[in-house]
Amino acid sequence: MSVDFPARRFYPATVNPLSIRLPRGWGLATPPVAFLLFFFVLPAITLFVTSFFAAQAFQIVPDWNVGNYLRIFKAAGFWKANFQGLTNGFFVATISVLLAFPAAFYVVYRAKTNLILYMALLSWFSSYLVRIFAWRTILGTNGMVNSALINLGLIDAPLDFLIFSPTAAIITLVHIMVPFALLILVSALQDVKAEYLEAARDLGATRWQVLTRVILPMCHKGLVGAFMFSFILAAGDFIIPQLMGGRDGITSGLLISGQFRSVGNWPLGSAMAWTLMSCLLIVYLLFVGLLYVARLSPGRRYH
Amino acid sequence: MEDNFVEFHNVTKKWGDFVGLDGINLKIRRGEILTLLGPSGCGKSTLMRIAAGFELPTTGDVIIDGRQMADTPPEKREVNMLFQRYALFPHLDVFDNIAFPLRIQKRPKEEIRQRVEKMLELVQLKEFSSRWINEISGGQAQRVALARALIGQPKVLLLDEPLSALDLKIRHHMLEELKRIHRETGTTFLYVTHDQDEAMILSDRIVLMNAGQIVQMGTPDEMYGKPQSLFAAKFFGETNIVEGKLVRSADRCAVETTDGLITVEDKMISEGSRVYASIRPEAFVISNHAEGNIRGIVEDIENIGARTVCRVRSGSGHAYRAQVFRTSAISTPPIGANVALSCAPADVVLVSQ
């Protein structure tokens, strides 16, 4: 609301005006800011700096060059793996959001309890690895899916793309990501009160128009959040591609972890990590831009 | 005036065993402001939501301008609603909110611009067209919502307690605004409220509801002056209710109460029946003379701006509220004074339970 308050004075004029006045709410903001600073910003800067160093036998030489980036730029293998990672990310994010959105809609507008939500979140109670191996038994050569299809007479031989393939990695990653996407979308949709949907219907919008003109623009943050969250985690994951992805499923995440864990070339690994991060930033900008072009962004004027 | 522009025909709404609306028959005239008034839970909002298409009646139907609405979804009904909390879309600015219904209909750009500007003029918000919804005040939001609801030229505008989110001063201003906009557009208004003052100021006709049924309907004057039941008498403004027995003598008809006889107009009610007399505080004349129907002691005096209300405790222990207008000619009796209350027989309304 546009109420003009008179300028507030926080301290009498006699107080030294050079003393720093902390912004309101700094006490609450400090722990998360400190956390991000120490566990994200500093490591990321360290990696960024390291990416311009060179690795020699058992040591890192700070000789400031862009050799690592040039090497990455020319390496077709990295780009193939990076493309695979981004492909995983794209399919996982798209499928997760498409699966989670109707469920979130149901939880927010139709369900009388949050039971469905809690059931979806229940999968977090089991370990990541256990769930990966569960999918191996489901998708394996003699697994549930293949035996069922063979017993039904629909196929003669097991479907080999179901396990140790990018498809298998995507299926498993979707399973991991859907609850995250669901949680984000539920909290976003809870801000879109049912009254807005009724108002839109009342003003002549069909169900589809209510979705595209009211719900999606209003839960834009949640949409971007759910999509990018699953995209980034899926594109950067190196465990599922390793355990489920097979030979074709090698991703840049896997190559990066290899540089750090087995090869020991930290500068090259850092440069790869920064390359991947830049790709993810581009994906983010593309996705936000797509929503903007599709008129699904808030804060736009159409007149 | 067309008498049955909107018609609720035997509308019943049940949720399990709970009867929300019990066989409502109601006709709304073209171009009038009809108010559904009643306490919360009386079914007035449900009736409005049935007209909008958000609820389906268990039995019965709504007929709008000759068309049955049973199979028509909300977006196809030529009815728009002004929501209690406005439901303005926060992702659009004022102009785009008002343009929303026309964009849905895919009207040409130029037509949209002209019609939105006309609506902005109607609600006097021309210079606010590029404001975001969180940058305008409650009263302005109300007017944007009104413009958005009216731009599609609905046959009926439904107003769901539209003033309840506003503070008192803006509320009176908005009532005037609503009246003006009604005059200028000629749209039929179906207005829902629990506030009898709003209903009295705004309405051509008032429908008083209670427990899913229509209790009484009529013009504001009729509703105030001729309540037909105890509920109606109590709901409209302040009143004094005295229970008694109807008695007749050669020259007068009266109600025999614990505080004596109150003379009433003879309305052919059989002698001896138990009745309730409703007397408005402003109908009483306070005097210190002995003559007067009810005698008592002034117990308390409330000053409410232009008028003063005295609480008079009668001999039988009943508390009456009597109003004195504050003019220099009339002085308010002091607390503790012995007074007599009298009133003209025409001002005593007899109602049944």
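The structure contained in this document is the topic of the report that follows.

Cut-offs used in this document
Residues numbered from 1 in each chain as written. Chains lettered and ligands numbered in written order. Predicted model: local features only at pLDDT ≥ 70, side-chain atom pairs only at ≥ 80, totals over all residues. Heavy atoms only, no water. Axes fitted to C-alpha atoms, helices over the stretch in contact; angles between N-to-C directions. Helix = DSSP H or I, 4+ residues; strand = E, 2+ residues; numbered from the N terminus. Parallel < 35°, antiparallel > 145°, perpendicular 65-115°, else oblique. Left-handed = near helix turned anticlockwise from the far one by under 90°. Contact = heavy atoms within 4.5 Å. Nonpolar A, V, L, I, M, F, W, Y, C, P; charged D, E, K, R; others polar. Buried area = accessible area lost by both parts, 1.4 Å probe. Salt bridge = Lys/Arg side-chain N within 4 Å of Asp/Glu carboxyl O. Polar contact = N/O pair within 3.5 Å; in protein donor to acceptor, adjacent residues only side chain to side chain. Buried < 20%, exposed > 50% of the residue type's maximum accessible area, 1.4 Å probe, protein only. Phe/Tyr/Trp six-rings, centres within 6.5 Å; stacked < 30°, edge-to-face > 60°. Lys NZ or Arg CZ within 6 Å of the ring centre and 35° of its normal.

What follows concerns the packing of helix α3 (residues 76–110) of chain A against helix α13 (residues 266–293) of chain A. Residue and element names in this part refer to chain A. At a closest axis distance of 11 Å, the pairing of α3 and α13 adopts a crossing angle of 45°. In terms of orientation, α3 and α13 fall into the oblique class. The crossing of α3 and α13 is right-handed. Residues Phe78, Trp79, Asn82 and Leu86 of α3 pack against Met272, Thr275, Leu276, Cys279, Leu280 and Val283 of α13. When the residues that make up the contact of α3 with α13 are grouped by side-chain class, the tally is eight nonpolar, two polar and no charged.

Across the boundary between the two partners, chain B contributes 38 residues, which contact 24 residues of chain A. Both sides together, the interface formed by chain B and chain A hides about 2,700 Å², and carbon and sulfur atoms give 56% of it. For the chain B face of the interface with chain A, the top three residues by lost area are Glu75, His91 and Ile104 of chain B, together amounting to 24%. Two residues, Arg201 of chain A and Glu75 of chain B, come together in a salt bridge whose shortest N-O distance is 2.7 Å. There are eleven residue pairs in polar contact (both at pLDDT 80 or more) connecting chain B and chain A. Counting residues per element, the ones that place at least two in the side of chain B that touches chain A are α1 (44–52), β6 (79–82), α2 (94–104) and α4 (138–150) of chain B. Among the elements that take part in the side of chain B that touches chain A, α2 of chain B stands out by supplying six residues, more than any other. Taken together, the residues of the side of chain B that touches chain A sort by class into 19 nonpolar, eight polar and eleven charged.

A negative phi angle characterises most non-glycine residues, just as the trans form characterises most peptide bonds. If you check the backbone angles, Phe164 of chain A has positive phi at about 55° while not being a glycine. Note on placement: Phe164 of chain A falls in the loop between α6 (144–151) and α7 (166–189). You will see that Glu161 of chain B, though not glycine, has its phi angle at about 40°, which is positive. With respect to the helices and strands, Glu161 of chain B occurs in the loop between β7 (156–160) and α5 (168–185). Exposure remark for Glu161 of chain B: the relative accessible area of 9% places this residue in the buried category.

Glancing now at the environment of Val210 of chain A. Residues and elements named next belong to chain A. Checked against the element boundaries, Val210 lands in helix α9 (residues 207–218). By relative accessible area, Val210 is classed as buried at 5%. Put simply, Val210 and Ala200 are ten residues apart on the chain and 6.0 Å apart in space, counted from C-alpha to C-alpha. Residues contacting Val210, with those up to four places away along its chain left out, are Leu197, Ala200, Arg201, Ala205 and Ile215.

Residue and element names in this part refer to chain A. Within the secondary structure layout, Ser252 lies in helix α12 (residues 252–263). Given a relative accessible area of 0%, Ser252 falls into the buried group. Setting aside residues up to four positions removed in sequence, Ser252 forms contacts with Phe78, Ala81, Asn82 and Leu276.

In this section: the packing of aromatic side chains. For the coordinates displayed, the defined rule picks out 20 aromatic pairs over all chains. Summarising the aromatic geometry, the rings of Phe105 of chain A and Tyr109 of chain A are spaced 4.7 Å apart at their centres and angled 55° between planes, so their arrangement reads as tilted. Taken together, the positions of Phe105 of chain A and Tyr109 of chain A, both in helix α3 and four residues apart, correspond to about one turn of that helix. Taking the centre distance of 4.7 Å and the plane angle of 50° together, the rings of Phe89 of chain B and Phe100 of chain B count as tilted. In this pair, Phe89 of chain B sits in the loop between β6 and α2 while Phe100 of chain B sits in helix α2, placing the two residues eleven residues apart along the sequence. Take Phe89 of chain B: its relative accessible area is 0%, and that puts it in the buried class. Judged by relative accessible area, Phe100 of chain B falls into the buried class, the value being 4%. Taken together, Phe48, Phe52, Tyr69 and Trp274 of chain A form an aromatic cluster joined through their ring pairs. Looking at Arg148 of chain B, its charged tip hangs above the ring of Phe89 of chain B, at a distance of 4.7 Å from the centre.

Interpretation note: all reported values are geometric properties and have no functional meaning in isolation.
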